[in-house]
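Chain by chain, the residues:
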Amino acid sequence: MATAASRADRSLPTIPQHAVAERGWPLALLDLEQARAEELLEAAGRLVPRPLIAIGDRLSRRWLLRSGNRYLAEIDAIGHRLGQPGACFLNVSYEWGCTSRSGASPNGGGAQLLRVLDWPNEGIGRNVVALTIDSPLGPWTNLTWPGFTGVIQASAPGRFAIALNQAPMAKPTGMLLTDWFAARLKLWKSDALPPAHLLREVFESAPNYAAAREMLSQRPLAAPAIFILAGLAPEEGCVIERRERQAVVHRAPAVAANHWLAPKWTGRPRGDDSHGRARGMAAAHGDFAQPFDWLRPPILNRFTRLALLAEPASGRLAVQGWERDGVATEVLRLETPVQAVAQEVAQSR
């Protein structure tokens with residue numbers, strides 16, 4: 001795998017930044033970056049045969065309709081604009097590995113979220129977009145992709161930063177293929193929100209860390225998930241491990257990869273070397289001068305597509321895209337004046 005140093009002589013693209021209103025933001029982003037959405041669908045077609053994507057699209061839409069998913073109209077509009085199958089299927093697909101940490105910043109000024117997203121699809125790293133969404137609760141920045149209606153990682157300055165990790169796969173039979181189908185069947189029987197859609201609701205409605213923690217702990221889910229939260233104060237942080245109607249909360253400093261921390265919960269870890277990634281992340285601390293010095297194997301691996309450092313108390317954020325052959329974008333640094341956000345929100349009430 002190429003390193004940042006070995007590719008320093010190459011010209012790297014910057015991560016696009018956009019600002020939109022909260023209402024209908026997925027469609028607004030698609031209007032701005034449709035070419036990226038089309039590239040991602042094309043890459044998905046190289047990983048999964050297009051006939052299977054079309055079948056998955058029909059089944060996924062049937063489930064979204066039956067479960068009364070409040071974002072189905074947006075997903076349908078996205079599919080119509082793209083003019084090809086895939087929008088429903090990709091919006092309910094959760095086939096990634098992640099490594100994340102919530103803990104106090106090294107300078108003691110607040111809590112930090114460190115996050116690495118691993119995904120086998122090509123193009124995820126070079127097509128990530130920093131979308132700042134104007135909200136009555138203050139702006140929040142979603143590190144996302146055009147065509148996606150959920151939230152996987154985002155930061156709301158003055159409130160919190162949160163990432164979503166995929167949970168281990170249950171092992172009802174002990175055989176990978178049949179266990180995968182069993183998990184899908186259980187998902188399709190549920191009428192709850194997918195984890196990424198619940199996380200979207202948190203960013204759109206939770207005014208603070210405590211409210212976000214309660215929503216992510218209490219609301220029913222369509223599938224197991226792991227949420228990693230960082231608030232404002234150094235002690236405001238946790239990992240929330242979720243089954244559909246159960247939760248275990250681990251106070252920060254805490255690390256999550258793709259295996260359970262809860263001692264009585266069992267499942268098949270996701271991604272490469274989940275336990276090794278977690279051990280590596282446990283010693284990581286973010287420094288905005290060199291935000292990704294801690295990104296090294298096994299946290300960094302062949303599937304790494306995004307690295308993130310967020311500090312909601314200071315409003316600072318750093319993100320970088322990666323692909324299989326190494327870094328894919330320049331580091332994007334954002335800083336939102338938290339006091340100004342708080343004053344604007346107070347005046348609007």
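The numbers attached to residues start from 1 for each chain and follow its sequence in the written order. Local features in a predicted model are, by the rule used here, given only for residues with pLDDT of at least 70; side-chain atom pairs are given and counted only at 80 or more, and totals for whole chains, interfaces and linings are based on all residues. Values reported for side chains reflect all heavy atoms of the structure, with hydrogen atoms and water molecules removed beforehand.

Draft legend 1. Fine view of the pattern of salt bridges. By convention in these notes, a salt bridge is any Lys or Arg side-chain nitrogen within 4 Å of a carboxyl oxygen on Asp or Glu. Counting across every chain of the model gives 14 salt bridges. One salt bridge in this structure joins E33 and R36, with 2.9 Å as the shortest N-O distance. Only protein chains enter the accessibility calculation, which uses a 1.4 Å probe. A residue is then buried if its area is under 20% of the maximum for its type, exposed if over 50%, and partly exposed in between. Classification of E33 by relative accessible area gives buried; the value is 12%. With relative accessibility at 18%, the residue R36 sits in the buried group. Residue D76 pairs with R61 through a salt bridge whose shortest N-O separation is 2.8 Å. Highlighted residues: D76 in helix α4 (residues 72-82) and R61 in helix α3 (residues 50-66), separated in sequence by 15 residues. For D76, a relative accessible area of 29% gives the class partly exposed. The numbering of helices and of strands both runs from the N terminus, where a helix is a DSSP run of H or I of at least 4 residues and a strand a run of E of at least 2.

Draft legend 2. The arrangement of the environment of A252 in detail. For A252, the location among the structural elements is in the loop between β10 (247-251) and β11 (254-256). You can call A252 partly exposed: its relative accessible area is 22%. Note on contacts: a residue pair is in contact if any heavy atoms of the two residues lie within 4.5 Å. For A252, the contacting residues outside a window of four places in its chain are S102, G103, G237 and C238.

Draft legend 3. Region of the structure containing the confidence of the model for the protein chain. Think of pLDDT as the predictor's per-residue confidence, scored from 0 to 100. Chain-level pLDDT for the protein chain is 90 on average; 91% of the residues reach the 70-or-more range. In the predicted structure, residues 1-9 sits below a pLDDT of 50 and forms 14 contacts with residues beyond four places in sequence or in another chain.

Draft legend 4. Structural view of the environment of A256. Looking at the secondary structure, you find A256 in strand β11. Separated by 181 residues in the primary sequence, A256 and I75 place their C-alpha atoms 30 Å from one another. If we skip the residues at most four places from it in the chain, A256 touches C98, T99, S100, N165, I226, I228 and V239.

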